[in-house]
Amino acid sequence: MVEYILGNYLVKSGKISKEQLDVVLKKQDTAKVRLGIIAVSEGMMTLEEADKVNRLQSVKDMRFGDIAVEQGYLTDEQVGTLLKKQGNTYLMFVQTLIDEKLVTMEDMEALLEEFRKENSYGNAEMEDLKSDDVSRIVSLLLPEEAKEYQELVGTMVRTVIRLIDRSVYIDKAEVVAEFPTEGQVSQELVGDICLVDCLAEKNGALLRVGSVYGREIFDELNADALDAAGEFLNCVNGLYASGLSREGQLVELLPPEYAVASSRKKPIYRVPIFIGEKGLYFLVG
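Before going into details, it helps to say that this report is about the structure given with it. (Residues numbered from 1 in each chain as written. Predicted model: local features only at pLDDT ≥ 70, side-chain atom pairs only at ≥ 80, totals over all residues. Heavy atoms only, no water.)

## Side note on the nonpolar core
For soluble globular proteins, nonpolar side chains are generally found buried alongside one another.
Item 1. Counting 92 residues, the largest nonpolar core has M45, M156, L199 and F282 as the members making the most contacts within it.
Item 2. Ranked by residue count, the leading element in this core is helix 13 (residues 223–246), at 10 residues.
Item 3. Not counting the four nearest positions on each side in its chain, M45 is found in contact with A39, V40, A50, V53, F64, A68, Y73 and L74.
Item 4. Grouped together as the second largest cluster of nonpolar side chains are six residues, V176, I268, Y281 and L283 included. (Core = buried A, V, L, I, M, F, W, Y, C linked by side-chain atoms within 4.5 Å. Buried < 20%, exposed > 50% of the residue type's maximum accessible area, 1.4 Å probe, protein only. Helix = DSSP H or I, 4+ residues; strand = E, 2+ residues; numbered from the N terminus. Contact = heavy atoms within 4.5 Å.)

## Digging into unusual backbone geometry
Item 1. Located in the positive-phi region is K101, a residue other than glycine, with phi close to 60°.
Item 2. Position of K101 among the secondary structure elements: in the loop between helix 7 (89–99) and helix 8 (105–118).
Item 3. Accessibility expressed as a relative area gives 74% for K101, which makes it exposed.
Item 4. Phi is positive for D132, close to 60°, though the residue is something other than glycine.

## Some points on the packing of aromatic side chains
Item 1. For the coordinates displayed, the defined rule picks out five aromatic pairs.
Item 2. With a centroid separation of 5.0 Å and an interplanar angle of 80°, the aromatic rings of Y9 and F115 are classed as edge-to-face. Of this pair, Y9 sits in helix 1 (residues 2–12) while F115 sits in helix 8, and the two are 106 residues apart along the sequence. An identical accessibility class is assigned to Y9 and F115; each is buried.
Item 3. Linked through ring pairs, Y9, F115 and Y121 together constitute an aromatic cluster. (Phe/Tyr/Trp six-rings, centres within 6.5 Å; stacked < 30°, edge-to-face > 60°.)

## Some details on the packing of helix 9 (residues 123–131) against helix 10 (residues 134–141)
Item 1. Across the interface, helix 9 lies against helix 10 with an axial gap of 7 Å and an inter-helix angle of 135°. Looking at the two axes, helix 9 sits oblique to helix 10. Of the two elements, helix 9 crosses helix 10, and the hand of that crossing is left-handed. Residue-level contacts link E125, E127, D128, L129 and S131 of helix 9 to R136, I137 and L140 of helix 10.
Item 2. Here the residues of the contact of helix 9 with helix 10 are counted per class, giving three nonpolar, one polar and four charged. (Axes fitted to C-alpha atoms, helices over the stretch in contact; angles between N-to-C directions. Parallel < 35°, antiparallel > 145°, perpendicular 65-115°, else oblique. Left-handed = near helix turned anticlockwise from the far one by under 90°. Nonpolar A, V, L, I, M, F, W, Y, C, P; charged D, E, K, R; others polar.)

## Some remarks on the packing of helix 2 (residues 18–27) against helix 7
Item 1. Contact pair helix 2 / helix 7: the axes reach a minimum separation of 9 Å and the direction vectors enclose 125°. One element, helix 2, and the other, helix 7, form an angle in the oblique class. At the point where helix 2 passes helix 7, the crossing takes the right-handed sense. Mapping the contact onto sequence places L21, V24, L25 and K27 in helix 2 and F93, T96 and L97 in helix 7.
Item 2. Grouping the amino acids of the contact of helix 2 with helix 7 by side-chain chemistry returns five nonpolar, one polar and one charged.

## Some words on the pairing of strand 5 (residues 195–201)
On any regular strand, side chains alternate: one points to one face of the sheet, the next to the other face.
Item 1. Where burial is concerned, most of strand 5 is hidden: seven out of the seven residues are buried.
Item 2. Alternating residues of strand 5 divide into L195, D197, L199 and E201 and V196, C198 and A200, and every residue in both groups is buried.
Item 3. Between the end of strand 4 (residues 184–191) and the start of strand 5, which pair antiparallel, lie three residues. (Pairing = 2+ DSSP bridges.)

## Some remarks on helix 12 (residues 205–214)
Item 1. Those residues of helix 12 not exposed but buried are A205, L206, L207, V209, G210 and S211.
Item 2. Packed against the buried residues of helix 12 are strand 4, strand 5, helix 13, strand 9 (268–275) and strand 10 (278–284).
Item 3. Positive backbone phi, at 55°, marks R215, one or two positions downstream of helix 12.

Next comes the structure, spelled out in structure tokens:
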């Protein structure tokens with residue numbers, strides 16, 4: 001998810017084009033992150049030290065880690081730690097940006113600092129983002145008063161990634177008192193925890209959820225498409241309720257309801273979820 005959050009930031013800020021981002025996202029899965037990139041990102045080496053090791057590799061038939069140990073920049077234990085991080089999504093994204101000659105490592109550090117300041121994040125929050133862990137990113141984007149819904153929102157995001165499309169990212173949640181929608185599905189949970197959650201159309205992602213989960217191509221957000229999206233919402237809430245039952249809390253799911261057009265007037269937390277270029281809202285309260 002981190003690659004979509006940072007990638008779209010780079011596009012919106014004019015650093016790269018949407019077409020260039022698409023190329024990076026397609027190629028990053030095959031990228032193998034170089035140890036120098038990881039070492040600098042983790043603060044184990046400076047850029048100058050990594051550059052020196054890279055130059056030495058042109059005259060020595062040795063791996064980056066072996067040269068770094070020889071030069072006293074890293075220990076064998078640190079090299080082992082770095083090797084385990086080569087599959088990190090954030091680092092693969094940065095590596096691919098660099099391989100495509102869209103940024104340098106220096107550029108990326110400056111861009112991350114701009115992103116950090118713009119979002120008022122500290123170093124701990126940036127580490128949460130770089131981890132690409134759904135739970136940590138959800139916690140980062142939920143206001144403090146909505147943290148009680150963190151596990152439910154995390155379950156929604158993970159289920160979208162697993163069953164609908166992995167090209168998913170979320171934006172900061174906000175409180176809304178009223179929201180007209182092009183279509184929505186909702187479900188009430190009652191028992192030890194009582195709440196209503198809802199999936200509402202933004203600009204096409206709810207239709208995609210209905211089509212993928214219902215295994216049928218819907219051309220419009222009609223009753224059949226909303227019914228399929230409602231079954232997906234029921235699946236998410238079922239997973240959430242199962243987790244609660246393991247903790248000794250009992251929750252019953254009422255049948256999902258849907259509306260082609262609707263407007264609510266109750267304060268509720270709204271989480272924007274994007275699937276590719278399409279969006280929907282997950283609302284809970």
